[in-house]
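Spelled out from the first residue to the last, the chains are:
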Amino acid sequence: MAYHVIEPERATLHGRFSSDLPPVLTIDPGDTVRFRTLDAGWNLEPRRSTRSEDRPRKFAPRIPERDSGHALCGPVAIRGAAPGMTLGIKIESLRTGVWGWTAAGGWDSPLNRRLGVTEGETFLLWTLDPDRLEGRNQHGHRIALRPFMGIMGMPPDEPGWLPSPPPRIWGGNLDCKELVAGSTLYLPIGVPGALFSVGDGHAAQGDGEVSSTGIECPMERVELTFSLHDALHLTTPRADTPAGWITFGFDEDLDEAAAIAVEAMLDLLNERHGLARLDALALASVLVEVRVTQLVNGIRGAHAILPHDALR
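Read on for a plain summary of the structure. (Residues numbered from 1 in each chain as written. Predicted model: local features only at pLDDT ≥ 70, side-chain atom pairs only at ≥ 80, totals over all residues. Heavy atoms only, no water.)

Examining the overall build of the chain
Here's step 1: On a plain count of helices and strands, the chain comes out with 4 helices and 21 strands.
Here's step 2: For the chain, the spread of C-alpha atoms along the principal axes amounts to about 55 × 40 × 40 Å.
Here's step 3: Of all 312 residues assigned to the chain, the portion counted as buried reaches 53%.
Here's step 4: Residue pairs in contact within the chain that sit at least 24 positions apart in sequence constitute 75% of those at least 6 positions apart.
Here's step 5: Accessible surface, the chain: about 13,600 Å² in total, of which carbon and sulfur atoms supply 52%.
Here's step 6: Where the 30 positive side-chain charges of the chain centre and where its 41 negative ones centre are 6 Å apart. (Helix = DSSP H or I, 4+ residues; strand = E, 2+ residues; numbered from the N terminus. Buried < 20%, exposed > 50% of the residue type's maximum accessible area, 1.4 Å probe, protein only. Contact = heavy atoms within 4.5 Å. Areas by Shrake-Rupley, 256 points an atom, 1.4 Å probe, with all protein chains shown as cover. Lys, Arg positive; Asp, Glu negative; His and termini not counted. Charge placed at Lys NZ, Arg CZ, Asp CG, Glu CD.)

Structure follows, in structure tokens:
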């Protein structure tokens with residue numbers, strides 16, 4: 001098994017998904033890739049103040065058509081990957097950079113209108129300690145870090161440049177805080193070679209990502225090992241995480257997103273425990289937790305969690 005390294009540079013960076021984007025690296029199943037990523041906003045340095053007009057230096061040059069989204073590294077092609085298969089992404093290790101930021105308010109969205117914060121904007125400026133896994137902001141608040149990647153995904157089989165914010169069944173901006181080191185994410189493959197990209201590092205985030213940002217930060221190390229699964233046919237992502245097995249649902253309507261996540265969990269209970277649909281639903285009502293993944297990407301996300309020790 002080979003080990004590869006991808007650095008954030010002009011040849012490896014893009015801000016949208018596209019099946020027309022050529023791979024920057026082609027690997028075999030079982031290979032590991034170490035990425036270093038920019039923060040979601042393409043920043044090369046931390047903010048120095050909370051003033052909206054104080055903009056840090058950003059990566060340049062950028063191509064408007066392909067770079068108007070999160071800063072993503074890739075895509076990586078996996079030999080033998082084909083539509084109908086499932087891509088496994090094992091998250092071997094994650095290490096944050098030493099700075100990050102969180103923004104709130106200042107843009108029009110249904111939630112911001114409801115909260116009355118469309119006209120104001122604020123920033124929390126974070127100093128991060130990746131060794132102690134601790135963050136501290138300018139107000140002296142200290143929090144524990146739990147890093148994960150907000151975006152891990154592939155393009156669908158359709159033309160054009162697709163925006164990075166909405167999550168899709170092929171992955172993308174999942175923003176699920178449970179996808180920490182030690183997790184394996186399983187994604188349906190939509191195009192030959194898979195064309196996987198990663199970005200949007202978060203040092204920490206709450207379920208819902210209610211302001212539209214977690215602690216957005218560059219990542220010094222993102223180590224991922226890739227596998228192909230011919231016999232696993234998924235219609236929505238799933239993951240094996242330290243918190244338990246997770247199934248995901250995405251839709252503009254949060255109720256529908258939750259229903260998709262629950263239905264996928266019933267499929268998982270059938271596969272792993274041989275439970276019929278009604279029995280699986282009854283047991284899920286006792287053991288499974290349904291959570292709001294995020295509320296802020298236009299397409300809402302929900303995830304269902306079956307803890308590993310719940311069913312004995």
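Quick look at the packing of aromatic side chains
Here's step 1: Counted under the stated rule, the structure contains 5 aromatic pairs.
Here's step 2: Considering the side-chain rings of tyrosine 186 and tryptophan 245, the 6.3 Å spacing of their centres and the 20° angle between planes classify their relative orientation as stacked. Residue tyrosine 186 is found in strand E15 (residues 184–188), and its partner tryptophan 245 is found in strand E19 (residues 244–251); the two are separated by 59 residues along the sequence. Residues tyrosine 186 and tryptophan 245 agree in their burial class; the two are buried.
Here's step 3: Taking the ring centre of phenylalanine 123 as reference, the NZ or CZ of arginine 47 above it sits at 3.7 Å. (Phe/Tyr/Trp six-rings, centres within 6.5 Å; stacked < 30°, edge-to-face > 60°. Lys NZ or Arg CZ within 6 Å of the ring centre and 35° of its normal.)

A closer look at helix H3 (residues 254–273)
Here's step 1: The end-to-end C-alpha distance of H3 is 28 Å, a good match for the 28 Å that 20 residues give at a rise of 1.5 Å each.
Here's step 2: Of the positions making up H3, those classed as buried are Ala257, Ala261, Ala264, Met265, Leu266, Leu268 and Leu269.
Here's step 3: Contacts from the buried residues of H3 go to strand E18 (238–241), E19, helix H4 (277–287) and strand E21 (300–306).
Here's step 4: The backbone nitrogen of aspartate 255 lies 3.0 Å from a side-chain oxygen of the residue at the head of H3, namely aspartate 253.
Here's step 5: Looking one or two residues beyond H3, the residue adopting positive phi is glycine 274, at roughly 70°. (Expected span 1.5 Å × (residues − 1). Polar contact = N/O pair within 3.5 Å; in protein donor to acceptor, adjacent residues only side chain to side chain.)

What about H4?
Here's step 1: The complete set of buried residues in H4 reads Ala280, Ala284 and Leu287. With its buried residues spanning 80° around the axis, H4 presents them on a single face. In H4, the exposed residues that point more than 90 degrees away from the buried face are Leu278, Ser285 and Val286.
Here's step 2: Turning to H4, the residues buried within the fold contact H3, strand E20 (289–294) and E21. (Arc of directions from axis to C-beta.)

Digging into the pairing of strand E8 (residues 99–105)
Here's step 1: Judged by how many residues are buried, E8 sits mostly within the fold: 6 of 7 residues are covered.
Here's step 2: As judged from the 7 bridges shared by E8 and strand E9 (residues 121–129), these two strands associate in the antiparallel manner. When the sheet's bridge partners are listed, alanine 104 is paired in E9 with threonine 122. (Pairing = 2+ DSSP bridges.)

Focus: the sheet that holds E9
Here's step 1: Spatially, 4 strands are ordered E8-E9-E10-E11 in an open sheet, and the strand pairing comes out antiparallel. With partners counted over all chains shown, the strands left at the sheet margins are E8 and strand E11 (142–144), one partner each. Sheet twist, expressed as the average angle between the axes of neighbouring strands with direction ignored, equals 30°. (Axes fitted to C-alpha atoms, helices over the stretch in contact; angles between N-to-C directions.)

Looking at the pattern of salt bridges
Here's step 1: Counted by the stated rule, this structure contains 15 salt bridges.
Here's step 2: Between arginine 66 and aspartate 67 there is a salt bridge, with the nearest N and O atoms lying 3.5 Å from each other.
Here's step 3: Arginine 66 gets classed as buried once you look at its relative accessible area, which sits at 17%.
Here's step 4: The salt bridge involving glutamate 178 is made with arginine 291; its shortest N-O contact spans 3.1 Å. Note that glutamate 178 is positioned in the loop between strand E14 (171–173) and E15 and arginine 291 in strand E20, a separation of 113 residues in sequence.
Here's step 5: Judged by its relative accessible area of 26%, arginine 291 falls in the partly exposed class.
Here's step 6: Through salt bridges with shared partners, a single network forms among Arg146, Glu178, Glu289 and Arg291. (Salt bridge = Lys/Arg side-chain N within 4 Å of Asp/Glu carboxyl O.)

Section: the nonpolar core
The tendency in soluble globular proteins is for nonpolar side chains to be buried side by side.
Here's step 1: Core analysis: the largest hydrophobic core is formed by 47 residues, its most contacted members being Phe35 and Phe226.
Here's step 2: Residues contacting phenylalanine 35, with those up to four places away along its chain left out, are Ile6, Cys73, Val76, Val198, Glu220, Arg221, Val222, Leu224 and Phe226.
Here's step 3: In terms of nonpolar packing, the next biggest core, distinct from the first, is built from 16 residues, Leu232, Ala261, Met265 and Ala280 among them. (Core = buried A, V, L, I, M, F, W, Y, C linked by side-chain atoms within 4.5 Å.)

Re the sheet that holds E18
Each strand in a sheet pairs with its neighbour through backbone hydrogen bonds, running either in the same direction (parallel) or in the opposite one (antiparallel).
Here's step 1: Pairing in this open sheet of 9 strands is mixed, and the strands run E1-E5-E17-E7-E15-E18-E19-E21-E20 from one edge to the other. The open sheet has two edge strands, strand E1 (3–6) and E20, and neither has a second partner. Mean inter-strand twist for the sheet, computed between neighbouring axes without regard to direction, equals 25°.
Here's step 2: As paired strands, strand E7 (residues 86–96) and E15 are joined by 5 bridges and run antiparallel to one another. The partner of threonine 86 across the bridge, within E15, is proline 188.
Here's step 3: Sitting on the sheet, H3 touches E18, E19, E20 and E21, and the angle it makes with E19 is about 145°.

In short, geometric facts, not functional conclusions.
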